[in-house]
Amino acid sequence: QVQLVESGGGLVQAGGSLRLSCAASVRTFSYYNMGWFRQAPGKEREFVAAIRWYDGNTDYADSVKGRFTISRNNDKNTMYLQINSLKPEDTAVYYCAADLKRTGLQLAGADYWGQGTQVNVTS
């Protein structure tokens, strides 16, 4: 069983930055493909970014390319999402996901999910 705990959300003005973290309680964290999704009020959950376990390859939604950076520290069993140039439309609950086989967009069907961290961006 993998437990994922997100942190780092908050209230920030447009143009600001945040760094989200996702801590995983699993010894084999380095073998998991990881990703971030978000869900805004009244909208479906959407893919944000993902990072593959064996080569660190990353993938981003078009809406966040150039502003968001996904990374991971396998020694700390933690994944990060650096969010810069925040926009009001980035307001959402951000979730992390983990899976041994699924990657990128396919992580939408991931086996493990965190509880989410709220990001609110004011204009």
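The structure presented is a predicted model; accordingly, all values stated were derived computationally and were not measured. One numbering rule holds for all chains: residues counted from 1, following each sequence as written. Where local features are concerned, this predicted model is filtered to residues with pLDDT of at least 70; where side-chain atom pairs are given and counted, the filter is 80 or more; whole-chain, interface and lining totals use all residues. Note: side-chain values were computed over all heavy atoms of the structure, leaving out hydrogens and water.

Visitor: Help me understand unusual backbone geometry, please; the structure alone is not making it clear to me.
Guide: Only a minority of non-glycine residues have a phi that is not negative, and only a minority of peptide bonds are not trans. A positive phi angle, near 55 degrees, is found at Asn77, a position not held by glycine. Note on placement: Asn77 falls in the loop between strand E7 (68-73) and strand E8 (78-83). Within the chain, Ser85 stands out as a residue other than glycine whose phi angle is a positive 50 degrees. The helix count covers DSSP runs of H or I at least four residues long, the strand count covers runs of E at least two residues long, and both are numbered beginning at the N terminus. With respect to the helices and strands, the residue Ser85 is situated in the loop between E8 and strand E9 (92-99).

Visitor: I keep staring at a nonpolar patch on the surface and nothing clicks. Help me out?
Guide: There is a patch of nonpolar side chains on the surface, built from Tyr31, Trp53, Tyr54 and Leu100 and spanning about 440 Å² of accessible area. Structurally, Tyr31 can be placed in the loop between strand E3 (18-24) and strand E4 (33-39). For every residue, the accessible area obtained with a 1.4 Å probe (protein chains only) is divided by the maximum for its type, and the residue is called buried under 20%, exposed over 50%, and partly exposed between those limits. Judged by its relative accessible area of 45%, Tyr31 falls in the partly exposed class. Like charges within 9 Å and nonpolar side chains (Val, Leu, Ile, Met, Phe, Trp, Tyr) within 5 Å are joined into patches, using only residues over 30% in relative accessible area that form no salt bridge. Using a 1.4 Å probe, accessible areas were evaluated by the Shrake-Rupley method; residue-level cover was limited to the displayed protein chains. For salt bridges, the criterion is a side-chain nitrogen of Lys or Arg within 4 Å of an Asp or Glu carboxyl oxygen.

Visitor: It is not clear to me how the pairing of E8 should be interpreted in this structure. Could you clarify?
Guide: Within a regular strand, the side chains alternate between the two sheet faces. With 5 of its 6 residues buried, E8 lies for the most part within the structure. A strand pair is defined by DSSP finding two or more bridges across the two strands. Of the pairings in the sheet, the one linking E3 to E8 comprises 6 bridges and is antiparallel in character. Across the sheet, Cys22 pairs through a bridge with Met79, a residue of E8. With 6 bridges connecting them, E7 and E8 associate as antiparallel partners. By the bridge assignment for E8, Ile70 is matched with Leu81.

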